[in-house]
Amino acid sequence: MIRVDGLHKRFGQTVAVDDVSLQIETGETFGLLGPNGAGKSTTLQLMMGILTPDRGSVTFAEDRNPRELTTRHNLGFAPQQLSLYETLTGWENLRFFSRMYGLCGQQQQRQMNWALEMTGLLDRAQDPVKTYSGGMKRRLNLALAVVHDPPLILLDEPTVGVDPQSRHHLFENIEQLQEKGRTIVYTTHYMDAAQRLCDRIAIIDQGRVLALDTVDALVAKYAGRSQISVDLDETPVPRTVLPERLAVEQCGRSLQWETETPLAELELLSAAGISVRSVEITRPNLETVFLNLTGRKLRD
Amino acid sequence: MVRILVIAGKDLQLLLRDPLGLFFILAFPAIMGIIFGAITGSSQTDQAILEIAVIDEDQSRLSTRFTSALVETGSIRIWNRDATLENERQASLDRVRRGRLTAVVILPRGFGETAGMPWASPVPIEVAIDPSRTAERGMLQGLLVEAAGSLVTARLEDPASRRALFASGRREIERNQKLPTVTRGLLVRLLDLLEREIEGELERASSSNPTAPSKSTFPVDLELARIEFVPIDRQGDRGLGANWHDKVRSRWDLSFPQGMLWGVLSCSAGFAISLVREQEQGTFLRLQVAPLSRFQILAGKAAACFVTVLFVILAMVLLGYALGMRPISPLLLALAAFSIAWSFVGIMLAMSVTGRTAESVNGAAWGSGVLMAMFGGGMVPLVFMPNFMQTLSLFSPVRWAVEALEGAIWRNYSVVEMLRPCGVLMGIGAIGFSVGILVLKRRTG
Ligand SMILES: Nc1ncnc2c1ncn2[C@@H]1O[C@H](COP(=O)(O)OP(=O)(O)OP(=O)(O)O)[C@@H](O)[C@H]1O
Ligand SMILES: [Mg+2]
């Protein structure tokens, strides 16, 4: 659907995007995961032709370039910053922007109703946007991106700064769009969102793509093993009592070690007759992937 | 095209939801127009009739005649018409000092002896005028000379003073030793001839039309001087200040173009701010992603600004009309309005790129607007500006806009005369468009 080759963009001294190449397939949800300032928004704007790259190219299906009007018709974009007319109502915002995509008459009404219904804003549609909560504004921001039902949807941090309920609502909306077979590009710095929604993920930091694959493959490749930490019931057990196979670190009454088979090794503990008060297993995830790739946490 | 109109419609809708913006665009200019009109009207235009005091120390036939002639000009009201002479001089001067009278005119003793004799050196008339009434100064001067001129007629009409006039003329010639004897003889004979000729004319006129008022009996149209009203604080007779009070017909003629320009400036500033605000809040980005050209986005904004400017001018014209302003040429007024709208839309685009935030553009737009207004006649009407200010004003779009409006409302410009201010406005607009679009293009990639 989109091919991005060797994109490069700098703002003054800052290199925002450094040699990024991607290929996004029709119908998939593609995640751009990275910390603040990684270059996610800049990459999206380069893909849409809003910014001109210093080097590299963006090609849409059928060899179209992003500045062509046909390409833009097929594209929906929810900016990271809430981009709404605060003094107009939700309905008026939708009517205006859908008009910009050439919708009118019955079709326009139908699409607007669908978008409002999906985002749960139908009963507040006649209120001015400035009276909406943060979560409602986010949902309207999404509704505006999809009201013309484009095959390609680009979402820039669509859940930033909303409460868990609205977040859940937004995730469901995006899943609905996935079911309709839309291609989605999704940028975020929340790894749980990426993990839940994205088929493939590019991890980017400081403008560069560090890794690109499915979630499972990334975890398998970069996340390493699960971490187990155990609190014992009794005073420290002598080293000799512990099963030999386990590479355990002991510190007071707590034990910690890494393994690929956490459950089997906990079995060994109980077989040795050691009684345990609590157990915590941390499965490797994208957070660990990022930590291992950069030596930093995703959200510093 | 439809999309441009939809964008423009959205911008007008945004404006309607912004009470403060509406106030500056509609109410503010109306208030300015009415207040300026009320102020200037009471001291300037409505007082095409000057209120003065006349102190007649001479009390002669001709000095009385002079006073009546002043009243007959129709431009002067004499405050102390029937008052006695005692203390009058001091009282009148006090009234001028307190701003209650425009001037005091003093006819000194001996005024009547030489008044109306073209060849005698006149006893000077003393005038004390309120120093703030600079505009009326020249007008009063003209009226005084006009009244003095009528005394020549007065002298000729009365047989006794006519004879005295010619006798003194002959004496003057006789006494002047510098003239060659032949010339002196010729001049005396010429005077005799003139006297006989005038006598004959007067008799014929009175026998053929005995009921005619005495004023028109004298057939020779003698005037001491023909007066052009030149305000005395101005050098020469050029610039927009020339002859203005012959043409202005209502106190609103000057103040409404002024007020309109404040409304127009508010429009430019308001839309410039809304354009950066869209960039700031991201709706501009949304529009850029939509299948629109940059031209369409800006044209929509520009169209909304254009319509608003036209609306402001129209609303002010209607308000002015209700108050008594009568534009001379509605067609030229429309031309002026369109040029102004074009020009200030260009200025709006240029203003919108003076900063990256609504606050900075707000500051820059209003700052430059006030400067343009100050030097362009938005605060002090152009006609009252000293020459150097008028020269500076050439750089202010507001000045050209005011000239275009005034040209249509009261200056009675021809189409050709209108082309200059309107052409300059169009040029300014084009420059504004280019600057705005180039900078915006560079900025948004
Ligand atoms: N218009 C601009 N002018 C100058 N620098 C910019 C501009 N836009 C982005 N940058 C810089 O480019 C880098 C990447 O910014 P970008 O907004 O793409 O990051 P991001 O990954 O979207 O971050 P966030 O998660 O905070 O949205 C940052 O260092 C930023 O400061
Ligand atoms: Mg971003």
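Residues numbered from 1 in each chain as written. Chains lettered and ligands numbered in written order. Predicted model: local features only at pLDDT ≥ 70, side-chain atom pairs only at ≥ 80, totals over all residues. Heavy atoms only, no water.

Chemist: Before we move on, could you go through the interface of chain A and chain B and cite the residues and values that matter?
Modeler: Tallying the contact residues gives 30 residues for chain A and 23 residues for chain B. Between chain A and chain B lies a buried interface of about 2500 Å² when both sides are counted; carbon and sulfur atoms form 61% of it. Connecting chain A to chain B are one salt bridge. Residue Glu92(A) pairs with Arg17(B) through a salt bridge whose shortest N-O separation is 2.8 Å. Elements with a contribution of two residues or more to the side of chain A that touches chain B: α2 (69-73), β5 (75-78), α3 (90-100) and α5 (134-146) of chain A. Residue contributions to the side of chain A that touches chain B peak at six residues, all from α3(A). Across the side of chain A that touches chain B, the residue classes break down as 16 nonpolar, nine polar and five charged. (Contact = heavy atoms within 4.5 Å. Buried area = accessible area lost by both parts, 1.4 Å probe. Salt bridge = Lys/Arg side-chain N within 4 Å of Asp/Glu carboxyl O. Helix = DSSP H or I, 4+ residues; strand = E, 2+ residues; numbered from the N terminus. Nonpolar A, V, L, I, M, F, W, Y, C, P; charged D, E, K, R; others polar.)

Chemist: Give a detailed account of the site of ligand 1, specifying residues and quantitative values.
Modeler: All names here are of chain A. Neighbouring ligand 1 are 13 residues; Gly-37, Lys-40, Ser-41, Thr-42 and Gln-80 lie closest to it. For ligand 1, an oxygen atom lies 3.0 Å from a polar atom in the side chain of Asn-36. Gln-80 places a side-chain nitrogen or oxygen 2.8 Å from an oxygen atom of ligand 1. Taken by itself ligand 1 offers 620 Å² of open surface, and the protein chains cover 62% of this. Contributing elements (two or more residues each) for the shell around ligand 1: β2 (14-24) and α1 (40-47). Ranked by residues supplied to the shell around ligand 1, first place goes to α1 with three residues. (Near = heavy atom within 4 Å. Polar contact = N/O pair within 3.5 Å; in protein donor to acceptor, adjacent residues only side chain to side chain. Areas by Shrake-Rupley, 256 points an atom, 1.4 Å probe, with all protein chains shown as cover.)

Chemist: Could you give an account of the sheet that holds strand β11 (residues 249-251) of chain A, with specific residues and numbers?
Modeler: Residue and element names in this part refer to chain A. The strand order β11-β12-β10-β13 describes an open sheet built from four strands, whose pairing is antiparallel. Each of the sheet's edge strands pairs with one partner strand only, and the pair in question is β11 and β13 (276-282). Averaged over all adjacent pairs, the angle separating strand axes in this sheet is 15°, with direction ignored. Pairing of β11 with strand β12 (residues 254-259), which is carried by three bridges, proceeds in the antiparallel orientation. Across the sheet, residue Gln-250 finds its bridge partner in β12, namely Leu-255. (Pairing = 2+ DSSP bridges. Axes fitted to C-alpha atoms, helices over the stretch in contact; angles between N-to-C directions.)

Chemist: Give a description of the side chain of Asn173(A) that names residues and reports values.
Modeler: All names here are of chain A. Checked against the element boundaries, Asn-173 lands in helix α6 (residues 164-179). Overall, the relative accessible area of 1% leaves Asn-173 in the buried class. Setting aside residues up to four positions removed in sequence, Asn-173 forms contacts with Met-118, Thr-119 and Leu-142. (Buried < 20%, exposed > 50% of the residue type's maximum accessible area, 1.4 Å probe, protein only.)

Chemist: Explain the confidence of the model for chain B to me, using residue names and the numbers behind them.
Modeler: All names here are of chain B. Here chain B averages 80 in pLDDT, while 84% of its residues score no lower than 70. Taken element by element, chain B is modelled with least confidence in helix α9 (residues 244-247), mean pLDDT 59, and with most confidence in helix α13 (residues 330-352), mean pLDDT 94. In this model residues 42-47 is a low-confidence stretch, pLDDT under 50, and it forms 19 contacts with partners more than four residues away in sequence or in other chains. Within the model, the stretch residues 210-238 combines pLDDT values under 50 with 47 contacts to residues more than four positions away or in other chains. For this predicted complex, the interface confidence comes out at an ipTM of 0.85, alongside a pTM of 0.71. (pLDDT = per-residue confidence, 0-100.)

Chemist: I'd like to hear about the domain arrangement of chain A, residue by residue, with values.
Modeler: Interfaces are often sized by the accessible area lost when the parts come together. For chain A, the assigned domains read domain 1 (2-220) and domain 2 (225-283). Placing the centre of domain 1 of chain A and that of domain 2 of chain A at their C-alpha centroids yields a distance of 45 Å. (Domains from an automatic or database assignment.)

Chemist: Tell me about the packing of aromatic side chains, and please be specific about residues and values.
Modeler: Inspection of every chain in the model, using the stated rule, returns 12 aromatic pairs over all chains. Consider the rings of Trp252(B) and Phe256(B), whose centres lie 5.8 Å apart with planes at 80°: the pair is edge-to-face. Taken together, the residues span about one helical turn, with Trp252(B) and Phe256(B) both in helix α10 (residues 252-281) at a distance of four residues. By the ring-pair criterion, three or more aromatic residues cluster together here, those being Phe23(B), Phe24(B), Phe28(B), Trp262(B) and Trp366(B). Taking NZ or CZ as reference, Arg286(B) lies 5.5 Å from the ring centre of Phe97(A), over its face. Here Arg326(B) stacks its cationic end above the ring of Tyr321(B), 3.8 Å away from the centre of that ring. (Phe/Tyr/Trp six-rings, centres within 6.5 Å; stacked < 30°, edge-to-face > 60°. Lys NZ or Arg CZ within 6 Å of the ring centre and 35° of its normal.)

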